[in-house]
Structures are given as structure tokens and as C-alpha cells.
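In case you want the letters, here they are:
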Amino acid sequence: MHKTRRKYIPKEIEKSWPNSVPQSGTSMGKPNFAKATMGKPNSAKATMGKPNSAKATMGKQELRKYLPKTIEEKWQQIWMDKKVYQFKLDRTKKPYYTLVELPYPSGNLHIGHWFTFATADAHARHRRMAGWNVFFPNGFDAFGLPAENAAIKRGIHPKDWTMSNIETMRKQFDSMGSMIDWSHQAITCLPEYYRWNQWIFIKMFERGLAYRGKTLSNWCPSCQTVLANEGIEDGKCWRCGSIVEQKEIEQWFLKITAYADRLVWKQDQSSVLGSQLSDISQSVNQSAGKLKTGKPESENGQLKTDYWNGVDWPQSVREGQNNWIGRSEGLEIDFKLEGGDEKLTVFTVYPETIFGVTYMVLAPEHLLAKKLATKEQKKAVDEYIKTARNKTEMERKTLDKEKTGVFTGAYCINPVNGAKIPIWIADYVIATYGTGAVMGVPGSDDRDFAFASRYNLAVIRVIGNDPKDTGEVTKEDDVLEEGYLVNSGEFSGLSTPEPAKEKVKDYLEQKGSGRRIVQYHLHDWSVSRQRYWGTPLPIIYCDKCWELKTQNSKLKSEYGRDYTEIDGKEHAIIPVPLENLPVELPYEVDYTPKGKPPLATAEEWMQVTCPKCGGKAKRDPETLDTFFDSSWYFYRYLDPKYDKEPFNPDLASGLTPVDIYFGGAEHTLGHTLYARFFTKFFHDIGLLEYEEFAKKRIQHGVILGPDGFRMSKSRGNVIDPDDVVREYGADTVRLFLCFMMPYEATAPWNPAAISGIYRFLRRIWDLGEKVRTSNFELRTSDLYHMHRTIKKVGSDIEGIHMNTAIATLMEWLNYLSAKEKISKEEYKTMLLLLAPFAPHIAEELWQSLRDLQVHTDEKTDSHGSEKISSFNPRESIHAQAWPVYKDEYMVSDQITIVVQVNGRVRENLTVASALRDDKEALSEKAQALENVKKHIAGKQIKTVVYVPGRIINFVVA
RNA sequence: GCCGAAGUGGCGGAAUUGGCAGACGCGCUGGCUUCAGGUGCCAGUGAUCGCAAGGUUGUGGGGGUUCGAGUCCCCCCUUCGGCACCA
């Protein structure tokens, strides 16, 4: 440190900036005569290397010490005041929509939020610097049970609890220094938002996609509400952990099954060509102003060939959703009942095994189950059905390792060979899948074999290892699912599955006993909740209308398509007219659990005038599942005040689909599937042109507690980001979270390495000392390192490999540190590359460098308050262009060639790069090297493998 | 049981997709600085044999393909996540 510097006087500096907060520590303003060192802290071991816990020292202190808290709060304020991150629609720039799953306002930002947002923010900032017009909004998923539970527990109204949490969390978000543009914020519990939930619901109702149905539902006895299958973990409620019960309840469903086929992920052949973009940081100019194509950009110059449904989503999500949807193509086959015209229909995907059917099984709930029982078997059947019904679904699924069943006494006839087949009832058959009846083929199905063995049913081999393999199936190992059909009449000898499957399908269809059919595992989505804190269902029940409707069929089409029973009386279902929306959630309601929806107790609110007949009618007292709210919020962000439709279709066509969607793997089967469903629905009602809402999905991992378990209050292993930020500053925390592990990884919080990150930032801060204001010629290797870093950091950010991007910056810093002097260009480039990760320090240093440029000889730290008020947002480092690398600088004049003998590395050979392709010359040089000679000596060179510019390998024997 | 992801130093993790394994960071060891602790700076750091030069070995285990394998193929083991009687 040789420059003369102004004395470090914290108060003076702080005074000069708005809202800067004095450092923590007790010796503020007290002289500390310990020799000033860059390493700072004074005494206690506990504070080693922790910047903000350092006591400010005066005296012979270097002037510009890295004090994160001071600069971070300063810049956050300036960025906000100057609206540095406000999104403006600009048709000359290519829009880029960065989305992160909207947080639930639980009360505090946790370290997981920081992890998710730090990476998303760095990516968004890079895109912005690379010339995109980045739209990065955020909001709050503000309805839901926790608010209600917290309210019950503490006597605060859910709305007050939620809104105050939102305020707290907004402040915490600000402390991250993210570029989120809050002017587009959407909060789902406000009428201006949920009004459109109601609008969408009614549109779905009008199209028959929202309907009232009665089913056995998952019921949480503690939360007093219905749960979706996705809301059950290990048979327990995902919120409160109570054991989930089965209860028959009438409720609202969304017919997501109508979209099952469209929700299936299919490989997209048409987009194999992908886009021509080679590297986003290099292609800014060419692509600016282009319309969105709906296709993702390629990464790192490689054309992606694995788009599915035209978008780039992780394989794990695609396969998970496809399994969940469970599409299977099979055949419905009719078996005539013995002694009658009635038939029993089964669904199978293995019709080719029909010759091996030795019994039939019905689910206990099957309509024919009771009816078929013969006199002799009636008692046993009734009893079996009764016990089955008493078992919860959990018991049936987990406890029944051993399959049980009961014979009905009845038989049916196999359409292919007239064989007489006994009909059984067993609770391992699921009533709601297929026809609720299956054919038992113990010769080629393990489960059927187990059942047949237990009840001594016949076993026929229909699939053998070869066309002549007709050996008996006597044990589980003999069961074959693929091979050749045997004992199958005219089909014997065909190989399975194909062509046997298709041939048998054709045959049965022609015969009129079978129909090709597609089955799905996916169920309709139950969306009504018997809870207070949610979107009220925009539905009115009117008994008078139902009377009119049933009296006068002419009126039928005018009314809702269904009715419901309330207190034993039929009521027509009338949607609230769109112009009457929103149906506001009343504030004063007794929301303590009573076993009925809380809104039902708000008697005044419940009473409503029927919009059809003008008579007295009742509201629906239920609320919508919060997954409904989160299925379309990203469209609302576009213009959260828009009051004609849920979202502005003009803006949607310019800014959506979402370009990149960050979120958690836990939403693979719930949220992201629903959001895809809603997008397809919006497409169908003419609001959108495309069918997939996000071009690219990135899923993050989880930061576990330091003990390796999921963070939870009860375990006491929760890391509060505020504490860490207080110690090190937001820049260090952001950078550390990006650096600690790959984004998809799940690992425990281990802050040991954080000091390395802090040291990295401080070294960059100190690097300014080496900057020479007069420019000088950079050496080839200087250029090489700089351009290599620009390229690698850019492509790593695009590929969401933030850990390696930062490692590359560290490597370059190590290189620069070893140099005596560095150019301003190098330093500026370093700051620009750092800016997405550590926005505050990058801005601070960038601005001081600008000052340096203007007042070269000024020996003062010349930031003054007049400079803040005149701060031009366009001069922010975050408004600068991402540096452009040049390939020509990345070619070194020297190359290192690895010399191998029999594949083992023996020597390195450094030659002029002009020689790179000259195999003969290199071979000669390499053989001359001592170490290589030694290994070749006395042996004969059989071949020389040469990889230009990389390796020369002598194969000797 | 099925589907998906993954097994690399003391730790978190790299490896341009078949070409010098262990980048970067933490930790550790030694040195300089210091009254001293820490900070800071410099050097070293997979294991193993060797005074050294250098050698051997090494990416969960076992086979294979290749001049060359962490990377590709076959079998097995383990961990994590998801689904789970879907006919």
C-alpha cells in the first residue's frame, strides 16, 4: 500500500450516504491503537475473519476497507430510489422472463430462499447485462392453512398475520440486493388477485371442467379438510402429520383427466434443430428485438436435441409426471357371465395372455360383486366386502402383503376358447382404475401367481422361453412375462410382446369382445377445502331454481349443469355472474375448526340473492385449494392490476412463456403439473397461443441443517440467513450459496468454507491497489486468461453452474494477484463478471473506479451525497454490457502436448502452437525426451497415436 | 417391486463429454510477518515406496471394449429422492 490516503473516519463516510447504518461493535468512534491490519478483528477468536463483527479501528487505518454492511445498505437504497431494476417494456429488446416459485409468507426468509434466489438473481443479472430485457417479478402465495393455524394458535387474524409476514419478508428480500422488480408483485390473498381465481373457476365450470362429485376422499381429522393425494406423505397429512382418514364427501373437482393425454411429455422431433444461438453473451446484438419463439435457446453452442413438448425440462420431472399420469394403452375385454347375457368387462395391457386366464377378480366395490355371489357363497362374500370397506386405503396398500380374496361362486366364459372361469373378489384390485375388474393370469404375472397359489387356482403356461416351452409353472421363478406364446391356440409361437399383442388385440376387436382403450392413473383434482383462509368458491346454491329446472325442461340449458343436496334438498348450482366478482372473503369469521367450513358460520355472508331467479339462495362455504392460486400467478405478474381478464393477453404474448423457471423438486407432481394444465386451459379459451408455460425448468436441491437433517424448528437446526448476513454481508452469503454446491445438490449447511468467499471478495477489493490508470499493453497470457474467464463464466451462468463460474473467477484472481500491476480493463472486467453474484461490492468498486477515471490525481474518496442524487441508473454496473470475449485471444502461442507410452503419461512437451499438427516433428521431439526414451528403450514402437494439440502416445511392445 | 439421480482426497466439489484425475474453496503442514494469538502473504498437501531423481497405485466392487476409461458396455453393492398391488 503505497498510496497516500485520506484517514479512515467512519462517521464522515456514513454521514455522506443516506441510510447507512453504523457498524456493529462497541468501539465505534474510539481510537484503537492496535496496529491496523487488513485482517481486522481485534481480539476474540470467535470473530476471526468475520467482517461485520469487527470493531472499527481508527488510527493508521487504510482508507478503503471492505465493510459490507455499509456499502450494501447504501446501494440497496440507491438502486431502489433510482429504480435501477424496474422493468420497462421495450420492443427493441428481447424480453426474458425469469421466474422463481413464489414464496409462502411463513414469516421469515430462510436459507433455502436465499439459495434459490441467489442463483436465479445471478442468472437474471447476467442475462440483463447480456442485453436481454429481463422481467424478474415476485409475489406471495398468501392463502393457506399455516396462516389459519397460526391465527388460531395466537389469536391473530390470518390476514393480519400474512400481511405482516409479507412486509417482513419483503425487507429481507431487499437485504439480498436482488434485482426483483416488486412493482409487479402479486399477493394471492387479495381480492384483486383471487377475483381471477373465481373467474377461472367459473370458466372451467362453464366448460364442464369444474364439477361437483362425491368420492371417498382423504380427510385430515386435525386440519378438518380434504387433502389431495399429493398432500399425503406416508399416510399422514403433509402439514400437521395426522393420520389421514377416508371419508365420503361431496366436493369440487377439476377435470384434469380431460387433459391427461396433452399433459403427457412426448419427445419433440420438430425442434431437434433448435435455435441457432451459439452463446448468449455473444449473440446479444443479433437476437435483440426478435420475438419469442417458444423454443429454448441452446447452451454453450451445442444444439439440444432433447426437447419434449417443445421445451427443456428435466428428465426427472418429465418421467415423474408421465408415471403419475400413468397412461397405458390396453384392451377392454368382455367375458360373458355363465348362464346369462350379462358380461364382465376387464381392462388389461396384456391381452396376449388371454389363453392363460384361470380366474377373474373384482374389486370389493365393483357393482357386480354382491350380485354375482351364489347362495352358498353369499355369506362369505358379504363378510369379505364388509371387512374390506372398513380397511382404510393405507391398510389395504401397506398391510396387505398377503393377498386375500373370496370366491363368488359364479363363472364367466373366456371368449377365445370358451373356458369356464371362476370369479373372485379381492381387495388388491382397485375399484377406480380400469373397470375395477382384472383377469388373473397366474402363468405370466407374479401377483396373480401368488394369488392363485394361495387359493389353489389353476395355472396355465402361456408364455415360454421358446415356442416349445410348455413346462408347467410351479413356482414363482417359472413365471415369464415375455418370450413366446404357448398353449394359445392359433397364436402359439408368436413372440411377445410383439407381434403377439397386436395380433390378439386385432382378433378380439374383430370378434367384438374387445376394444382398444387408453387408461390413466391420474385422478381428477379435488379443489375444495373446508377452510377459511382461501378463495371463496364463486358458486350459489338455489333450491328454487332446481325446482324450476326440473319442472320446465326448456329452461334446462340456462342453469348449471348439475345440482347438489343441502340438508336433504336439491339445489341448482349457479355460478356467480362474472360482473359480481369478486366474492370477497369476509373478514369477521369464526375460523376455529368445527367440522364444517368456517364460512358456513358466517350466516349473513351465506345468504345471497339468486342471480337467476332472484330468490333466496346460499353461497358455497368452501374455499379453493391454494394450488389453484399458484397455477397461474406468473401470468398475473405481467400486470397485477389488470381488470378485464386474469391477465393481459397482449403482455402475455410479448413476455411469456416464462423463459426459465426455478423451483423445488417437491413440486414435480403437484404445482408444475397443475400450472401446465391451467396453461392448456387458457390456450383452449383463447387467452394463450402456446401450451407449455415455461421453456426451461431448473430444480434446486435442499440445504439441510448442519446435522444433515431437513431444517425444522422442532429439531432446532434452522439456519437464519439474517444472522449469516449480519456477520459477512449479503454479497458473501450470495456468493457462498452459489459456490457451495451445484444447484441441484442436496447437502448440509456447512459454513466452514464461507471465510474463503469473504477472503475472495476482500482480495478483489484490495486488487484495486494494483490498477494502473494509464493503460498498458496486455501480454498474450493476460489476454488469454481474461478472455477465457469471460467465456467460461458466461457459459457457466447460462448452464446454472454457478459454483464453477465462481471457481473460474477465483482462478483468474489468483493469476491477477500474482502480477505486479493490472490494467484497468482487467479490473473492470473482473468487476463486471463479479456483478451478477456480488452486486453491492461490484457496484461500489465500479463507481470508485469511475471516479478514479475522472479525477486521476484526486487523493480523496470522492463519493459525496451530491453524487448520489445525481446518480444515473445507466451508470450502474448492473446496466453495463457483459464483456465480450474473443476467440483469437484464447489461442496461446505455446501448446503443451502430453507424451504417453502405452497410455501412461511420461512427459510434457511444450512446443510452438504452429507445430500442433505436425505428427512427425512432434514424434521425433518426444522420443528425444529422456523420460520417454527410458520407457521405449529396447522395445519396438508399434503405433503412434496422435491427437492434434493434445496427446502423442507411443504404443510399444 | 418400479422409476429417477448419484457414489471421486480429511470435507464441499471440478474434469472442455474417451485424452495429464482431484480445478476452485475449506481444512491440514511448513515458512515469512507478529511481543503474542489471529489476520495477511509464500510454499506444500490422494495413497504408497524412496534421501532424492523417480516409481507404483488410485474415481463403490468385479468383468469387458480401447493406444488410452471417472467418462462407454455387462453384472453386482450402497445412498438419496419419487411412486408403490395401475392389471
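Attention here is on the structure that accompanies the text. (Residues numbered from 1 in each chain as written. Chains lettered and ligands numbered in written order. Predicted model: local features only at pLDDT ≥ 70, side-chain atom pairs only at ≥ 80, totals over all residues. Heavy atoms only, no water.)

1. Some points on the pairing of strand β1 (residues 95-100)
- The buried fraction of β1 is high, at 6 of 6 residues.
- Residues Pro95, Tyr97 and Leu99 point to one face of β1 and Tyr96, Thr98 and Val100 to the other, with burial holding for every one of them.
- Relative to strand β2 (residues 133-135), β1 runs parallel, the two being bridged by 3 bridges. Within β2, the residue paired with Tyr97 across the bridge is Phe135.
- Inspection of the sheet shows β1 paired to strand β25 (residues 660-664) by 3 bridges, in the parallel sense. What sits directly across from Leu99, in β25, is Tyr661. (Buried < 20%, exposed > 50% of the residue type's maximum accessible area, 1.4 Å probe, protein only. Helix = DSSP H or I, 4+ residues; strand = E, 2+ residues; numbered from the N terminus. Pairing = 2+ DSSP bridges.)

2. A few points about the side chain of Thr623
- For Thr623, the location among the structural elements is in strand β24 (residues 623-624).
- Residue classification places Thr623 among the buried residues on the basis of a relative accessible area of 1%.
- A polar contact is formed between the side chain of Thr623 and the backbone oxygen of Arg531, at a distance of 2.9 Å.
- Contacts of Thr623, omitting those with residues within four sequence positions, involve Val527, Ser528, Arg529, Arg531, Tyr532, Gly534, Thr535, Pro536, Leu537 and Leu599. (Polar contact = N/O pair within 3.5 Å; in protein donor to acceptor, adjacent residues only side chain to side chain. Contact = heavy atoms within 4.5 Å.)

3. Here's the deal with the packing of helix α24 (residues 780-798) against helix α26 (residues 824-834)
- One way to put it is that α24 packs onto α26 with a least axis distance of 11 Å and a crossing angle of 15 degrees. In terms of axis orientation, α24 runs roughly parallel to α26. Viewed along their axes, α24 and α26 form a crossing whose handedness is left-handed. Facing α24, whose interface residues are Asp782, Met786, Thr789, Ile790 and Val793, α26 presents Glu825, Glu826, Thr829 and Leu833. (Axes fitted to C-alpha atoms, helices over the stretch in contact; angles between N-to-C directions. Parallel < 35°, antiparallel > 145°, perpendicular 65-115°, else oblique. Left-handed = near helix turned anticlockwise from the far one by under 90°.)

4. Topic: helix α2 (residues 68-81)
- Taking 1.5 Å per residue as the helical rise, α2 with its 14 residues ought to reach 20 Å, and the 20 Å between its terminal C-alpha atoms agrees with that figure.
- In the segment just after α2, Lys83 is the residue with positive phi, at about 50 degrees. (Expected span 1.5 Å × (residues − 1).)

5. Some points on the sheet that holds β1
- Read across the sheet, 4 strands follow the order β2-β1-β25-β26 without closing on themselves; strand pairing throughout is parallel. The open sheet has two edge strands, β2 and β26 (697-700), and neither has a second partner. Averaged over all neighbouring strand pairs, the angle between strand axes comes to 20 degrees, with direction disregarded.
- Inspection of the sheet shows β25 paired to β26 by 4 bridges, in the parallel sense. Bridged to Gly664 within β26 is His700.

6. Considering the nonpolar core
- With 188 residues, the main nonpolar core has Phe201, Leu254, Phe678, Phe682 and Phe837 as its most contacted residues.
- Discounting chain neighbours no more than four positions away, the residues touching Phe678 are Ile200, Met204, Leu254, Trp525, Phe628, Ser631 and Trp632.
- Counting 47 residues, the second largest nonpolar core, distinct from the first, contains Leu331, Phe355, Ala373 and Ile421. (Core = buried A, V, L, I, M, F, W, Y, C linked by side-chain atoms within 4.5 Å.)

7. Quick look at the packing of aromatic side chains
- Applying the stated rule across the entire model yields 54 aromatic pairs.
- Centroid distance Tyr211 to Phe253: 5.5 Å. Interplanar angle 20 degrees. Geometry classified as stacked. Of the two residues, Tyr211 sits in strand β3 (residues 210-220) while Phe253 sits in strand β7 (residues 245-254), which places them 42 residues apart along the sequence.
- On the basis of an interplanar angle of 85 degrees and a centroid distance of 6.2 Å, the ring pair of Phe678 and Phe682 is categorised as edge-to-face. Highlighted residues: Phe678 and Phe682, both in helix α20 (residues 671-684), separated by 4 residues, approximately one helical turn. Take Phe678 and Phe682: they sit in the same class, and that class is buried.
- The side chain of Arg127 reaches across the aromatic face of Trp132, ending 4.7 Å from its centre.
- In this structure, Arg619 packs its charged tip against the face of Trp605, placed 5.4 Å from the ring centre. (Phe/Tyr/Trp six-rings, centres within 6.5 Å; stacked < 30°, edge-to-face > 60°. Lys NZ or Arg CZ within 6 Å of the ring centre and 35° of its normal.)

8. Considering the pattern of salt bridges
- The tally for this structure, following the rule as stated, stands at 44 salt bridges.
- Of the charged contacts in the structure, one is a salt bridge between Glu192 and Lys641, with a shortest N-O distance of 3.3 Å. You can see Glu192 sitting in helix α6 (residues 191-206) and its partner Lys641 sitting in the loop between α18 (633-636) and α19 (649-655), a full 449 residues away along the chain.
- Look at Glu192 and you get partly exposed, because its relative accessible area is 35%.
- Judged by its relative accessible area of 62%, Lys641 falls in the exposed class.
- Two residues, Asp506 and Arg516, come together in a salt bridge whose shortest N-O distance is 3.1 Å. With Asp506 in helix α14 (residues 500-511) and Arg516 in strand β16 (residues 514-519), this pair connects stretches of sequence that are 10 residues apart.
- You can call Asp506 partly exposed: its relative accessible area is 34%.
- For Arg516, a relative accessible area of 34% corresponds to the partly exposed category. (Salt bridge = Lys/Arg side-chain N within 4 Å of Asp/Glu carboxyl O.)

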